[in-house]
Amino acid sequence: MSEQQTIHTAGTWRSAASGATREVLDPADATVLAVVAEGDAADTDAAVGAARAAFDSGQWPGTPVAERAALLRRTADLLQRDRERIGLLESRDAGKTLEEGRVDVDCVTDAFRYFADLVIGEGAGRVVDAGSPDIHSVVVHEPVGVCALITPWNYPLLQASWKIAPALAAGNTFVVKPSELTPLTTVALIELLVEAGLPAGVANLVTGPGDPVGARLAAHPDVDLISFTGGLTSGTKVMRAAADTVKKVALELGGKNPNVVFADACATEEGFDTAVDQALNAAFTHSGQVCSAGSRLIVEESLRERFVAELARRAEKIRIGRGADPGVECGPLVSAAQLERTRSYVASALAEGAVLRAGGEQPEGPGYFYRPTVLDRCNRRMRVVREEVFGPVLTVETFRTEDEAVTLANDTEYGLAGGVWTSDQGRARRVAGRLRHGTVWINDFHPYLPQAEWGGFGKSGIGRELGPSGLAEYRETKHVYQNLAPRPVRWFAG
């Protein structure tokens, strides 16, 4: 296929029906990285039609589980074969470091293998005891149907896999719409699925903007499920659009994630070094463009000055640059709009009384770079503390008691993830149990497991990805009740 042929429907790569294209920019220098098709509602309808036909009349939904699992494993093997190529493509497209791109490929591989193992390990259904040997009652799971999958720009390959792998494992067909900013590795993933032997029409791809492509998917009457990962405002629009057709909805809408550090975690030099190091990791991985970024440091008051001083010192030393260059630790923001958004939040924080301890500026040169920034003396009235920045900005709040720490950590409309640092195991369990967040890390930050559910409380979304619940999102549950010895009921005389 040519660069412009990035729409995939019914097994064929093609250009947009309108002939429109979009330039994908390299965020490290704002040069053109690729040119892709700019799909619209007509392209979306064609993709949904292909997925509908493949589900209603095709073989994939009825393909034996073992064969579906085998295809997922073949895809995982192909991902590892092309690890360097796809990792570099993810680095250049999204701006992250090359090592982060490689890790993403490994995580995607793990997700495909996990869902292959999960679906193959299931039985034929759950037998229900009806209280009679003449009744055979079983609960079974079936695919939902046509799934619309809308993915974000920050982890395009990873987020696509978290949706595509369970959707395929369950026997669905799908249309995926990657972010128009970072579509390239999703295109590569569809190519690998085709190479692995996925039947035509099962996997469909439309590159294009949220309006009209995403909006049409959300409202389309032939779509049975929509899974969206992105911002809160867009997520609520998706939910409204899906309501008229009463389709299943799964939303992952980000977070404003606390990283709570108790003084006892830093009682030793090793503990102090680890907590500071992990606070940097929590806030500045992928330039803070992570839905689970620990962008709110909530540190015990007695520790604050020493901790923040060291944090700021190390933040100033972070090496920024093109993600694929050797020694680079932090890449650019994804776009000029995201850079301006970050600058705006920092400016508002300083106007509201925050104290700049590190960063707070754009370095000279091309690209959408912003220095890792530490803002001290913050409070919950500030926009930068309440709202998701999605940039390399860390705010610092303080507490004196355990109850105050929990109150601050839960004082957010989101509830995706949070971290707790303490050497007191009883405190660790208490605080973790009281935090209203979908994932809580104790003495760590950012790791996830494909076996464990991912998702949030509150406005962080609806539903879960990964784990058994991640597969369940893509299924309908059916109860099959069989009477082995039917006879008249005689309810009505006559």
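Residues numbered from 1 in each chain as written. Predicted model: local features only at pLDDT ≥ 70, side-chain atom pairs only at ≥ 80, totals over all residues. Heavy atoms only, no water.

Looking at an unreviewed UniProt entry, the protein carries the name Betaine-aldehyde dehydrogenase, with the source organism given as Streptomyces cirratus. Its UniProt record gives the protein a comment under Pathway (unreviewed entry), which states: "Amine and polyamine biosynthesis; betaine biosynthesis via choline pathway; betaine from betaine aldehyde: step 1/1." (UniProt positions renumbered as here; feature names shortened; annotations may be inferred.)

Novice: Honestly, the overall build of the protein in this entry has me stumped. Any pointers?
Specialist: Along its length, the protein carries 15 helices and 20 strands. Since a compact globule built from 494 residues should have a radius of gyration of about 23 Å, the 24 Å found for the protein is in line with a globular shape. In terms of overall dimensions, the protein has a C-alpha envelope of 85 × 60 × 40 Å along the principal axes. Burial statistics for the protein: of 494 residues in total, 55% are counted as buried. (Helix = DSSP H or I, 4+ residues; strand = E, 2+ residues; numbered from the N terminus. Rg over C-alpha atoms; globule rule 2.2 N^0.38 Å. Buried < 20%, exposed > 50% of the residue type's maximum accessible area, 1.4 Å probe, protein only.)

Novice: Would you mind going over the packing of aromatic side chains with me for this structure?
Specialist: In this description, an aromatic ring pair is defined by two values, namely the gap between the centres and the angle between the planes. Considering all chains together, one arrives at eight aromatic pairs under this definition. On the basis of an interplanar angle of 85° and a centroid distance of 5.4 Å, the ring pair of Trp153 and Phe390 is categorised as edge-to-face. Residue Trp153 is found in the loop between strand 7 (146–150) and helix 5 (156–169), and its partner Phe390 is found in the loop between helix 12 (383–386) and strand 16 (393–399); the two are separated by 237 residues along the sequence. With relative accessibility at 15%, the residue Phe390 sits in the buried group. Ring geometry for Phe262 versus Phe399: centroids 5.0 Å apart, planes at 70°, classification edge-to-face. Of this pair, Phe262 sits in the loop between strand 12 (258–261) and helix 9 (269–284) while Phe399 sits in strand 16, and the two are 137 residues apart along the sequence. In terms of burial, Phe262 and Phe399 fall into one category: buried. If you follow Arg306 out to its NZ or CZ, it ends over the ring of Phe272, 3.7 Å from the centre. (Phe/Tyr/Trp six-rings, centres within 6.5 Å; stacked < 30°, edge-to-face > 60°. Lys NZ or Arg CZ within 6 Å of the ring centre and 35° of its normal.)

Novice: Just checking my understanding: could you explain helix 7 (residues 210–219) for this structure?
Specialist: Note that an α-helix has 3.6 residues per turn; residues three or four places apart therefore point the same way. Listing the buried residues of helix 7 in full gives Val213, Gly214, Leu217 and Ala218. Buried residues of helix 7, seen end-on, are gathered within an arc of 125° and therefore sit on one face of the element. (Arc of directions from axis to C-beta.)

Novice: How should the pattern of salt bridges be read in this particular structure?
Specialist: Should the charged atoms of two oppositely charged side chains come close, the side chains can pair. Tallied over the entire structure, the rule returns 42 salt bridges. In this structure, the salt-bridge partner of Arg81 is Asp82, at a minimum N-O distance of 2.9 Å. Asp376 serves as the salt-bridge partner of Arg304, at 2.6 Å between the closest nitrogen and oxygen. One end of the pair, Arg304, is in helix 10 (residues 304–316); the other, Asp376, is in strand 15 (residues 373–376), and 72 residues separate them in sequence. (Salt bridge = Lys/Arg side-chain N within 4 Å of Asp/Glu carboxyl O.)

Novice: Looking at this model, I keep getting lost on the sheet that holds strand 17 (residues 417–421). Mind explaining?
Specialist: Remark on secondary structure: sheet strands pair via backbone hydrogen bonds, oriented parallel or antiparallel. With mixed pairing, seven strands are arranged side by side in an open sheet as 14-15-16-13-12-17-18. With partners counted over all chains shown, the strands left at the sheet margins are strand 14 (355–358) and strand 18 (439–442), one partner each. Each neighbouring strand pair of the sheet contributes to a mean axis angle of 25°, computed without reference to strand direction. Examined bridge by bridge, strand 17 and strand 18 share four bridges and lie parallel to one another. The partner of Gly418 across the bridge, within strand 18, is Val440. Contacting strand 14, strand 15 and strand 16, helix 11 (residues 336–351) runs over the sheet at an angle of about 25° to strand 15. (Pairing = 2+ DSSP bridges. Axes fitted to C-alpha atoms, helices over the stretch in contact; angles between N-to-C directions. Contact = heavy atoms within 4.5 Å.)

Novice: How should I be thinking about the environment of Val246 in this particular structure?
Specialist: Tracing the sequence through the fold places Val246 in the loop between helix 8 (232–243) and strand 11 (248–252). C-alpha of Val246 to C-alpha of Ala34: the two residues are 212 residues apart in sequence and 37 Å apart in space.

Novice: What's the story with the pairing of strand 13 (residues 296–300) in this structure? I'm lost.
Specialist: Along any regular strand, the residues point their side chains to alternate faces of the sheet. Across the five residues of strand 13, five count as buried, placing the element largely inside the fold. Here strand 13 shows no split at all, with Arg296, Ile298 and Glu300 on one side and Leu297 and Val299 on the other all buried. Inspection of the sheet shows strand 12 paired to strand 13 by four bridges, in the parallel sense. Across the sheet, the residue bridging to Val260 is Ile298, located in strand 13. Traced from strand 12 through helix 9 to strand 13, the parallel crossover comes out right-handed. In the sheet, strand 13 pairs with strand 16 via five bridges, with the strands oriented parallel. Counterpart to Glu300 in the pairing with strand 16 is Phe399. (Right-handed = clockwise from strand over helix to strand, strands pointing away.)

Novice: What am I meant to see in the side chain of Glu388 here?
Specialist: Summarising the element assignment, Glu388 is placed in the loop between helix 12 and strand 16. One buried charge, Glu388, has no salt-bridge partner; the nearest side chain with opposite charge is Arg341, at 5.9 Å. In terms of polar contacts, Glu388 uses its side chain to reach the backbone amide nitrogen of Gly255, at 3.0 Å. When residues no more than four places from it in sequence are discounted, the contact partners of Glu388 are Leu253, Gly254, Gly255, Lys256, Cys291, Arg341, Tyr345 and Tyr414. (Lys, Arg positive; Asp, Glu negative; His and termini not counted. Polar contact = N/O pair within 3.5 Å; in protein donor to acceptor, adjacent residues only side chain to side chain.)

Novice: Would you take a moment to explain the pairing of strand 7 for this structure?
Specialist: Among the five residues in strand 7, five count as buried, and that is most of the element. Every second residue of strand 7 is oriented toward a common face, with Val146, Ala148 and Ile150 on one face and Cys147 and Leu149 on the other, all of them buried. In the sheet, strand 7 pairs with strand 8 (residues 173–177) via five bridges, with the strands oriented parallel. For Leu149, the partnering residue across the bridge sits in strand 8 and is Val176. In terms of handedness, the path from strand 7 via helix 5 over to strand 8 forms a crossover that is right-handed. Pairing analysis gives four bridges linking strand 7 to strand 10 (residues 225–229), with the strands arranged parallel. Counterpart to Cys147 in the pairing with strand 10 is Leu225.

Novice: When you look at the UniProt feature "active site" (unreviewed entry) in the protein in this model, what are you seeing that I'm missing?
Specialist: Under the local residue numbering, the UniProt record ascribes the feature "active site" (unreviewed entry) to Glu252. Residues in contact with Glu252, not counting those within four places in the same chain, are Gln159, Phe228, Thr229, Gly230, Cys291, Leu416, Trp454, Ser460 and Glu465.

Novice: It is not clear to me how the nonpolar core should be interpreted in this structure. Could you clarify?
Specialist: Burial of nonpolar side chains together is a common tendency in soluble globular proteins. Ranked by internal contacts, the top residues of the largest apolar core, which has 61 residues, are Phe112, Phe115, Ile164, Leu168, Phe174, Ile190 and Leu193. Contributing elements (two or more residues each) for this core: helix 2 (65–81), helix 4 (98–120), strand 7, helix 5, strand 8, helix 6 (184–196) and strand 9 (203–205). Here this core takes 10 residues from helix 4, the largest share from any one element. Dropping the residues within four chain positions of it, Phe115 is found in contact with Leu72, Ala165, Pro166, Ala169, Leu466, Gly467, Gly470 and Leu471. Within the second largest apolar cluster, 25 residues are counted, among which are Leu280, Leu311, Cys330 and Val374. (Core = buried A, V, L, I, M, F, W, Y, C linked by side-chain atoms within 4.5 Å.)

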